[in-house]
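# Notes for the structure review
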Amino acid sequence: MRSLSDLWAHRELLWFWTKREISVRYKQSFLGIVWAILQPAVLAAMFTVVFSHLARIPSEGIPYPLFAYIALVPWTFFATSINQGVPSLVNQMNLVTKAAFPREILPLGTVGASLVDFTFAFAVFVFMALFYRIPLRSSMLWLPLLILLQLTLAIGVTLIGSALNVFYRDIRFIVPLLIQIWLYATPIVYPASLVPERLRWIYALNPMVGVIESYRNIFIRGHAPDWPSLALGTISAMGLLVFGYLFFKRVEPTFADII
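Residues numbered from 1 in each chain as written. Predicted model: local features only at pLDDT ≥ 70, side-chain atom pairs only at ≥ 80, totals over all residues. Heavy atoms only, no water.

A word on the overall build of the protein. Summing up its helical and strand segments, the protein has 13 helices and zero strands in all. Mapped in sequence order, the helices and strands of the protein form the string α-α-α-α-α-α-α-α-α-α-α-α-α. Expressed as lengths along the three principal axes of its C-alpha atoms, the size of the protein is roughly 55 × 45 × 35 Å. Residue burial in the protein is summarised as follows: out of 259 residues, 48% are buried. Residue pairs in contact within the protein that sit at least 24 positions apart in sequence constitute 82% of those at least 6 positions apart. Of the charged side chains in the protein, 19 are positive and 12 negative; the average position of the first set lies 4 Å away from that of the second. (Helix = DSSP H or I, 4+ residues; strand = E, 2+ residues; numbered from the N terminus. Buried < 20%, exposed > 50% of the residue type's maximum accessible area, 1.4 Å probe, protein only. Contact = heavy atoms within 4.5 Å. Lys, Arg positive; Asp, Glu negative; His and termini not counted. Charge placed at Lys NZ, Arg CZ, Asp CG, Glu CD.)

What follows concerns the side chain of Thr-80. In this fold, Thr-80 is placed in helix α4 (residues 64-85). Taking the relative accessible area as the measure of exposure, Thr-80 reaches 15% and is therefore buried. If we skip the residues at most four places from it in the chain, Thr-80 touches Arg-25, Gln-39, Gly-85 and Ser-114.

Moving on: the packing of aromatic side chains. The way to describe two aromatic rings as a pair is by their centre distance and the angle between their planes. Evaluation of the coordinates by the stated rule reveals 15 aromatic pairs. On the basis of an interplanar angle of 55° and a centroid distance of 5.4 Å, the ring pair of Trp-75 and Phe-78 is categorised as tilted. Taken as a pair, Trp-75 and Phe-78 lie in helix α4 at a separation of three residues, close to a single helical turn. Note on Phe-78: relative accessible area 0%, which makes it buried. With 4.8 Å between their ring centres and 75° between their planes, Phe-78 and Trp-182 make a pair best called edge-to-face. Taken together, the positions of Phe-78 in helix α4 and Trp-182 in helix α9 (residues 171-184) put the pair 104 residues apart, joining distant regions of the chain. (Phe/Tyr/Trp six-rings, centres within 6.5 Å; stacked < 30°, edge-to-face > 60°.)

A separate point is unusual backbone geometry. For Arg-56, which is not glycine, the phi dihedral falls at a positive 60°. Relative to the assigned elements, Arg-56 resides in the loop between α3 (34-54) and α4. Here Arg-133, not a glycine, exhibits a phi torsion of approximately 60°, which is positive. For Arg-133, the location among the structural elements is in the loop between α7 (105-131) and α8 (143-167).

One way to put it is that helix α2 (residues 11-25) packs onto α7 with a least axis distance of 8 Å and a crossing angle of 60°. Judged by the angle between their axes, α2 and α7 are oblique. You can see that α2 and α7 cross each other, and the crossing is right-handed. Along the contact surface, α2 presents Leu-13, Leu-14, Trp-17, Thr-18, Glu-21, Ile-22 and Arg-25, while α7 presents Ile-105, Leu-106, Leu-108, Gly-109, Thr-110, Gly-112, Ala-113, Ser-114, Val-116 and Asp-117. Taken together, the residues of the contact of α2 with α7 break down into nine nonpolar, five polar and three charged. (Axes fitted to C-alpha atoms, helices over the stretch in contact; angles between N-to-C directions. Parallel < 35°, antiparallel > 145°, perpendicular 65-115°, else oblique. Left-handed = near helix turned anticlockwise from the far one by under 90°. Nonpolar A, V, L, I, M, F, W, Y, C, P; charged D, E, K, R; others polar.)

Let us look at the nonpolar core. Trp-75, Phe-122, Tyr-215 and Phe-219 are the most contacted members of the largest nonpolar core, which has 54 residues in total. Counting only elements with at least two residues in this core, the list comes to α3, α4, α7, α8, α9, α11 (207-221) and α12 (227-251). The element contributing the most residues to this core is α4, with 14 residues. In this view, Trp-75 contacts Ile-179, Trp-182, Leu-183, Thr-186, Ile-188, Met-208 and Ile-212; residues no more than four positions away in its chain are not counted. By size, the runner-up hydrophobic cluster in this structure holds 16 residues, among which are Val-96, Val-166, Val-251 and Phe-255. (Core = buried A, V, L, I, M, F, W, Y, C linked by side-chain atoms within 4.5 Å.)

The next point concerns the environment of Thr-76. With respect to the helices and strands, the residue Thr-76 is situated in helix α4. Between the C-alpha atom of Thr-76 and that of Ser-5, which follows or precedes it by 71 residues, the distance is 31 Å. The contact partners of Thr-76, leaving out residues within four places of it in the chain, are Gln-39 and Pro-40.

All right, on to the environment of Leu-145 then. Locating Leu-145 in the fold gives a position in helix α8. The spacing of Leu-145 and Val-211 is 66 residues in sequence and 9.5 Å in space, taken between C-alpha atoms. Residue contacts for Leu-145: discarding those within four places in its chain leaves Trp-227 and Leu-230.

Moving on: a nonpolar patch on the surface. A contiguous nonpolar patch, built from Val-34, Trp-35, Leu-38 and Val-42 and spanning about 330 Å² of accessible area, is present on the exposed surface. Checked against the element boundaries, Val-42 lands in helix α3. (Patch = residues over 30% accessible without salt bridge, like charges linked within 9 Å, V, L, I, M, F, W, Y side chains within 5 Å. Areas by Shrake-Rupley, 256 points an atom, 1.4 Å probe, with all protein chains shown as cover. Salt bridge = Lys/Arg side-chain N within 4 Å of Asp/Glu carboxyl O.)

This model, assessed by the stated rule, comprises seven salt bridges. With its nearest N and O atoms 3.2 Å apart, the salt bridge here joins Arg-200 to Glu-197. You can call Arg-200 partly exposed: its relative accessible area is 28%. Relative accessible area serves as the criterion here: at 61%, Glu-197 is assigned to the exposed category. Among the charged side chains, a salt-bridge network with shared partners connects Glu-60, Glu-213, Arg-216 and Arg-221.

Here's what the structure looks like:
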């Protein structure tokens, strides 16, 4: 509890660091924040060509660009949070070794910056929904719950990864590979219905399964979130967050000596 109160006392620093991360991420960039939109948009276009037109993977009657893009928006937030957050402590070794503040602010700031990217990318989906004439539905009100879950997962994984990266620098090479594997273990290019029924509960332990399927449910299918997979995913995400924070705070005193 003392660690959480210390983090709360430094909330203005967290806010400042998040703004700094946003500024640095697109400083001297030709396209700036447009990159936050291009990444999921280009992937959605590529997936449409490869998996819809060539591989003929079903999309359950949903136009494939819409099917892929609504999944890639939360996925890109998650992947970017981890890719940027894991090296955050090592990249700021001068701060870690010389200044006194809760070190989790550094990876948390990268997650906050990725949330801004998510907002811009999601705005493109709104235009896509208008183009495909997706009506407004009450089910869309579940969006804050899904954002909270993806934040929980991103923070938990980023805290674990950033702490481990202090001790084992090759973690930064492992993370992109794990992200690629995780992408194909998540129903982004294919519907979750392709997974055999007997394996669904194991599959749903991946928290992003419930998130992705629920995005499609509330925005495209007009249904409530996918509660069974979302419940299992929430348990996994909460477990990762609690473990990640406790692990991070346990090893935090050694960061300055090792870095």
